[in-house]
Amino acid sequence: MMQRNGGGVGVGGQTWVLRRVRLTWLSFMLFFILVFFPLIAHYYLTTIDEAGGPDKRIFGPRPGGELCEAKHVQDLCRIRESVSEELLQLEAKRQELNGEIARLNLRIEACKRSIDSAKQDLLQLKNVISQTEHSYKELMAQNQPKLSLPVRLLPDKEDSGLPPPKSVRSCRLRSCFDYARCPLTSGFPVYVYDTSSYAWGNNLDPLVKQAFAASVKSNIYVTENPSIACLYLVLVGEILESSPLPSPSELEKQLKALPYWRSDGHNHVLVHFSRKSMTQNFLYNVSTGRAVVAQSTFLEQQYREGFDLVVSPLVHALSEPNFLEVPPQVPVKRKYLFTFQGERVESLRSSLQEAPPQSVEEELEGDPPADYDDRIIGTLKAVQDSHLDQVLVEFTCKNPKPSFPTEWALCGEREDRLEVLKASTFALVISPGDGQLVASAGCGMRLFEALEVGAIPVVLGDHSRLPYHQFIRWTEAAIIVPKPRVTELHFLLRSLSDNDMLAMRRQGRFLWETYFSTSENVLSTILASIRTSIQVPAAPIKDEPAHEIPHKAGKLAGTDANLADNGDLDLGPVETEPPYASPRFLRNFTYTAADTYRAWNRAPGPFHLFPHTPLDPVLPSEAKFLGSGTGFRPIGGGSGGSGKEFQAALGGNVPREQFTVVMLTYEREEVLMNSLERLNGLPYLNKVVVVWNSPKPPSDDLLWPDIGLPIVVVRTEKNSLNNRFLPWDVVETEAVLSIDDDAHLRHDEIMFGFRVWREARDRIIGFPGRYHAWDVNHQSWLYNSNYSCELSMVLTGAAFFHKYYAYLYSYVMPQAIRDMVDEYINCEDIAMNFLVSHITRKPPIKVTSRWTFRCPGCPQALSHDDSHFHERHKCINFFVKVYGYMPLLYTQFRVDSVLFKTRLPHDKTKCFKFI
């Protein structure tokens, strides 16, 4: 056992020693490889490089950066150099920006100090302004004390309220009219008695009653409340011939039985409409108290000058006159120089039933007239027999109309008389032979027919009272000659020039259309006569209510560089002014008293003559003209002609003023939005009114540009080009710029047109000009749009006009013209040019050399249609028929700025001059 174990131990120990020796050997070899082999290899390689020379080194360092000669290493080197340079540049930039930041910080601090100083100055200026305004109000209070409205006196039903006059025949407004019932602010309310409320009302002519009722219904002054009425209207005639006339005493009782007669009839008007030349003057011998009598026939003993009214006969009771059947006013000279058809009837039945006092016929026959009528007959026959001029005089009739004694009876039927008058240059109206008959229905009928067909009336006899003679200046429409001058009549008529005759014919046409043509006009004229006499201002006319379409404003509109690049030409204030409305009509109370004759004897306009006819309500804005001094130096004007001051100020003699853009559009949303954006930054613009002419509303997602001013979108009742000229209530300025939605105008052009309009406020001022021409071959008028040195129209697709013309176009101009505009969907601009030229007798004014204004690339407009020009030819000829003559006037005048867009220093003179 022991031997076996020891042998085992010896073998195991030997094995362990061998393993240790092997491990030591491996460790030594590993150490040798790791330590000595790299040294030997390095030594060997170094020795090889040195043996090969410096040019053949492979592993050793290369002198002079030869390591970069390798391609990929060269790229890395270039990148390193570029990055180094950029780093240097960025560092320099950083230092530069740090310096700039420091300087800006210094400027910010300086601006903050300047702002603080400016705030202090602004506060001081506000205090100065406040003190100045306070001082101004104190001065105004001292010089213009406050006036309270007059006290409204409403007397009781039984209270006469006035002392009795010395004589009823001496009645005048001051003694027989109760002004207390008609204060200046009353609005002139008129109460009309129902014809069935008094006894003789059932005997009235049915046509007269029906026409009177229709006229009352349409009158703006009529009220149904008698307790507030200023005037009480009673229709007393015309009575049917088959009905018995009430006796004077019975008629007086019936008048006093009227519920608001108040014992003497003050503030009552007894209206007697005459449809026949021999009308019943049954109010003669009737005591009418203090009531005003308005009728066509008056005796001298009956007529109260300045109180009673001579009115025109009621020819067109229910039927409207057809203006297309009225003969044209040209040529001036017609077939006959003058005509007269009539027969003097010496004795006719009396229209009165009671005596004494004497009847009308008895009083006339008791004072025989002078023999002037015999002399007239002889003189006129001698002129006819001389054949110097073609005249027509007839002193006998086959079927004479009943007339008063000493009066010339009408011959034949009305249609036959009108045919003769249409061929007459002058129409003789011989007044009654007896001077006691100061007005008669027969003479009124002759006057009416002459004016209707354009024959200039020649009244023989200066003692006659023509209708509304207190207000109408008849010498502008008729020739009034005393009967003793009948021998000089032929010479007088031959001496008149064509221009004078045309002016008288035109004035006569205006008087007939305004005061005589319809029953509404006759009634309105009666009320206007009394209202003017008691100096109550007319009711203001109502603007067209604008039904706005809500819309969403989008982003702030930019400014087109092509439109805003005005160089050193300042168009107006740098900052947009807030909307400023034109002053409203300020002469409501002074106008009626100061300008009565001018108001009654001129067509509506021009404004320096008067702003409205008495029959029309007062317009809310009053036109202002260069030369109509205001008594003070207005804001924005009178700053001289130096360049900078002139450009920055609006100039002129009217205080600060703005204009309104009215833009008509129809389903062209993109074009409309672009046009609205172009208006951004336009000086003196008050607002933009978009007339949405389409029945479809704008798109819900449509974003409207924000131009810094109100954009009012107006919904119209129908698609009509007449909507362009409606007097919208949202238009608060006198100046209106009518512009199409595709018009392309620069800001400087618009401002130049506005400046020119302010110097000629009664004219149309615009850019594209057109003219009319006479076609000899077809004997008609033509519309021409070719380039020409002469023009007679300015298209309202880009034109300034006064808002006053919008009222006239919509409410005064004949309806037939507006109907034709709707029929053709065309010609509204021609209609406006006709209207303004007819009123002012002046041509429009074209500014700049621009002939078109359409924007490039816009969709095609209606004017590009082939039928467009044919329709405009028809429109012109139709309008001439309605007006009776061609109102358009030619002009070669064009307004340009001599230094337009010329670059001049601000200290040099720059102004607009006209050529």
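The structure displayed is predicted, hence computed values, not measured ones. The residue numbers shown here count from 1 along each chain, following its written sequence. The model is predicted, so local features are restricted to residues of pLDDT at least 70 and side-chain atom pairs to those at 80 or more, both for listing and for counting; the totals for chains, interfaces and linings are taken over all residues. Working from all heavy atoms in the structure, the side-chain values ignore hydrogens and water.

Caption draft 1: Layout of the overall build of the protein. Helix and strand assignments follow DSSP, with helices taken as H or I runs no shorter than four residues and strands as E runs no shorter than two, numbered in order from the N terminus. Of regular secondary structure, the protein possesses 22 helices and 29 strands. In the protein, which comprises 915 residues, the share counted as buried stands at 50%. Contact criterion: two residues are considered in contact whenever any of their non-hydrogen atoms come within 4.5 Å of each other. The contacts in the protein between residues at least 6 apart in sequence include a share of 79% that link residues at least 24 apart. Reported accessibility uses the Shrake-Rupley method at a 1.4 Å probe radius. Residues are deemed covered only where the shown protein chains occlude them. Carbon and sulfur atoms make up 56% of the accessible area of the protein, which totals about 45900 Å². The buried label applies to any residue whose accessible area, calculated with a 1.4 Å probe on protein chains only, is under 20% of its type's maximum; exposed applies above 50%, and partly exposed to all values in between.

Caption draft 2: Expanded view of the pattern of salt bridges. Within this document, salt bridges are pairs made up of a side-chain nitrogen of Lys or Arg and a carboxyl oxygen of Asp or Glu, the two lying within 4 Å of each other. Using the criterion set out here, one finds 36 salt bridges in the structure. Close ionic contact of Glu732 with Lys687 constitutes a salt bridge, the shortest N to O distance being 3.6 Å. Note that Glu732 is positioned in the loop between strand E21 (711-715) and strand E22 (735-740) and Lys687 in strand E19 (residues 685-692), a separation of 45 residues in sequence. With a shortest N-O distance of 2.7 Å, Arg724 and Asp740 are connected by a salt bridge.

Caption draft 3: Here's a closer look at the pairing of strand E8 (residues 336-341). Within E8, six of the six residues are buried, which leaves the element mostly enclosed by the surrounding structure. At least two bridges found by DSSP between two strands are what make those strands a pair. Here E8 runs beside strand E12 (residues 424-430); their pairing, made up of three bridges, is parallel. Paired with Thr339 across the strands is Ala427, a residue of E12. When E8 meets strand E10 (residues 392-394), the two strands line up parallel, connected through three bridges.

Caption draft 4: Expanded view of helix H19 (residues 804-812). For H19, the tally of buried residues reaches seven of nine residues, placing the bulk of the element in the interior. Every buried residue of H19 is accounted for by Tyr804, Tyr805, Ala806, Tyr807, Leu808, Tyr809 and Ser810. In this fold, the buried residues of H19 make contact with strand E27 (798-802), helix H20 (815-824) and helix H21 (828-840).

Caption draft 5: Expanded view of the sheet that holds strand E14 (residues 456-460). If you walk across this open sheet you meet the five strands as E10-E8-E12-E14-E15, and the pairing is parallel. Bordering the open sheet on either side are E10 and strand E15 (479-481), each of which pairs with just one other strand. Direction aside, the axes of adjacent strands within the sheet are offset by 20° on average. The sheet contact formed by E14 and E15 spans three bridges and is parallel. Its bridge partner lying in E15, Val458 is registered against Ile479. Note on geometry: axes are lines fitted to C-alpha atoms, helical ones only across the stretch in contact, with angles between N-to-C directions running from 0 to 180 degrees.

Caption draft 6: How the structure looks around helix H11 (residues 498-516). Taking 1.5 Å per residue, 19 residues should reach 27 Å; H11 reaches 26 Å between its end C-alpha atoms and fits that length. Of all the 19 residues making up H11, 14 are buried; the element is thus mostly covered by neighbouring parts of the structure. The span expected for a helix works out to 1.5 Å for each residue beyond the first.

Caption draft 7: Spatial organisation of the environment of Val216. Mapped onto the fold, Val216 is located in helix H4 (residues 206-218). Owing to a relative accessible area of 14%, Val216 belongs among the buried residues under this scheme.

Caption draft 8: Local environment of empty space enclosed by the protein. Here a cavity means grid points, on a 1 Å grid over the protein atoms only, where a 1.4 Å probe fits yet cannot get out; a pocket means an open set of points with protein on both sides within 12 Å along at least five of seven lines; lining residues are those with an atom within 4 Å of a point. Grid points are joined across faces, edges and corners, and a volume is the space filled by probe spheres set on the points. Applying the stated criterion across every chain, the model contains 13 cavities of 30 Å³ or more. Estimated volume of the largest cavity: approximately 170 Å³. Surrounding the largest cavity, 14 residues form its lining, Gln341, Leu421, Leu428, Arg446 and Glu449 being those nearest its centre. Elements supplying a minimum of two residues to the lining of the largest cavity: E8, helix H8 (414-422), E12 and helix H9 (441-453). Of the voids in this model, the second largest cavity is the one considered here, and its volume is about 130 Å³. Lining the second largest cavity we find 17 residues, and of these Ser440, Cys443, Gly444, Arg465 and Leu466 sit closest to its centre. Breaking the lining of the second largest cavity down by element, the ones donating at least two residues are strand E13 (437-439) and H9. Considering each element in turn, the lining of the second largest cavity owes the most residues, three residues, to H9. Its residues assigned to classes, the lining of the second largest cavity shows 11 nonpolar, five polar and one charged. Following the grouping adopted for this structure description, the nonpolar residues are Ala, Val, Leu, Ile, Met, Phe, Trp, Tyr, Cys and Pro, the charged ones are Asp, Glu, Lys and Arg, and the polar ones are all others, Gly among them.

Caption draft 9: Looking closely at the packing of aromatic side chains. Classification of ring pairs uses Phe, Tyr and Trp, with its six-membered ring standing for Trp, and accepts pairs whose centres are within 6.5 Å; under 30 degrees between planes counts as stacked, over 60 as edge-to-face, and the remaining range as tilted. For the structure on display, the rule yields 33 aromatic pairs. Ring geometry for Tyr193 and Tyr232: centres 6.5 Å apart, planes at 45°, overall tilted. Taken as a pair, Tyr193 in the loop between strand E1 (190-192) and H4 and Tyr232 in strand E3 (residues 231-237) lie far apart in primary sequence, 39 residues in all. Grouping aromatic residues by their ring pairs yields a cluster made of Phe659, Tyr684, Phe754, Trp757 and Phe800. Counting as a charge over the ring demands two things of the Lys NZ or Arg CZ atom: a distance within 6 Å of the ring centre and an angle within 35 degrees of the ring normal. When the ring centre of Tyr885 is taken as origin, the NZ or CZ atom of Arg506, which lies over that ring, is 4.8 Å away. Sitting over the ring of Phe754, Arg758 keeps its end group 6.0 Å from the ring centre.

Caption draft 10: Region of the structure containing the state of the cysteines. Any two cysteine sulfur atoms within 2.5 Å of one another count as a disulfide. Taken as a whole, this structure holds four disulfides when the rule is applied. The side chain of Cys182 participates in a disulfide bridge whose partner is Cys230; the two sulfur atoms lie 1.7 Å from each other. Disulfide Cys182-Cys230: the torsion about the S-S bond is 95°, which places it as right-handed. Here the residue Cys182 occupies a position in the loop between helix H3 (173-176) and E1, and Cys230 occupies one in the loop between strand E2 (222-223) and E3, the gap between them amounting to 48 residues. Across the pair, Cys230 and Cys182 agree in class, each one buried.

Caption draft 11: A look at the confidence of the model for the protein. Confidence along the protein averages 81 in pLDDT terms, with 76% of residues attaining 70 or more. The low-confidence segment residues 347-370 (pLDDT under 50) makes 54 contacts with residues lying over four places distant or belonging to another chain. pLDDT measures the predictor's confidence residue by residue and takes values from 0 up to 100.

Caption draft 12: Structural view of the packing of H9 against H11. Where H9 contacts H11, the axes come no closer than 8 Å and their chain directions differ by 120°. One way to sum up the angle between H9 and H11 is to call them oblique. Read as a crossing pair, H9 and H11 show a hand that is left-handed. Residues Phe448, Leu451 and Glu452 of H9 form the contact with H11, whose participating residues are Gly508, Trp512 and Phe516. Residue composition of the contact of H9 with H11, by class: four nonpolar, one polar and one charged. Throughout this description, any angle smaller than 35 degrees is read as roughly parallel, any larger than 145 degrees as roughly antiparallel, any in the 65 to 115 degree range as roughly perpendicular, and the remainder as oblique. The hand of a helix crossing depends on one turn: near helix anticlockwise from the far one by less than a right angle means left-handed, and clockwise means right-handed.

Caption draft 13: Expanded view of the sheet that holds E27. Strands sit in the order E16-E21-E19-E18-E22-E27-E23-E28-E29 across an open sheet of nine strands; the sheet is mixed. Two strands in the sheet have a free side with no partner beyond their single neighbour: strand E16 (547-548) and strand E29 (894-895). Where strand E28 (residues 845-847) lies against E29, two bridges are found, and the strand directions are parallel. The residue bridging Lys846 from the neighbouring strand is Arg894, located in E29. Sheet strands touched by helix H18 (residues 747-759): strand E18 (659-665), E22, strand E23 (765-766), E27, E28 and E29. Its angle to E27, the strand with the most contacts, is close to 30°.

Caption draft 14: Representation of unusual backbone geometry. That bond from Val330 to Pro331 is cis: its omega, 5°, falls within 30 degrees of zero. Note on placement: Pro331 falls in the loop between strand E7 (309-310) and E8. Positive phi, normally seen in glycine, also occurs at Asn267, with a value near 65°. As for its placement among the helices and strands, Asn267 is situated in the loop between helix H5 (248-256) and strand E4 (268-272). In this structure Asn267 comes out as buried when scored by relative accessible area, which is 0%. Phi at Thr406 takes a positive value of approximately 70°, unusual for a residue other than glycine.

Caption draft 15: Region of the structure containing the packing of H21 against helix H22 (residues 867-883). Following both chains from N to C, one finds H21 and H22 inclined at 30°, their axes separated by 10 Å at the closest point. If you check the angle between H21 and H22, you find them roughly parallel. The two elements H21 and H22 meet at a crossing, and its hand is right-handed. Where H21 abuts H22, its residues Asp829, Ile830, Ala831, Phe834, Leu835 and His838 lie against Arg872, Ile876, Phe879, Val880 and Tyr883. By residue class, the composition of the contact of H21 with H22 is eight nonpolar, one polar and two charged.

Caption draft 16: Local environment of the nonpolar core. What we call a nonpolar core is a set of buried Ala, Val, Leu, Ile, Met, Phe, Trp, Tyr and Cys residues that are connected through their side-chain atoms within 4.5 Å. Grouped together as the largest cluster of nonpolar side chains are 80 residues, with contacts concentrated most on Phe188, Trp200, Leu233, Val269, Phe273, Phe516 and Ile526. Per element, the largest residue contribution to this core is six residues, and it comes from E3. Listed in part, the 49 residues of the second largest apolar core include Val662, Trp781, Phe834 and Ile876.

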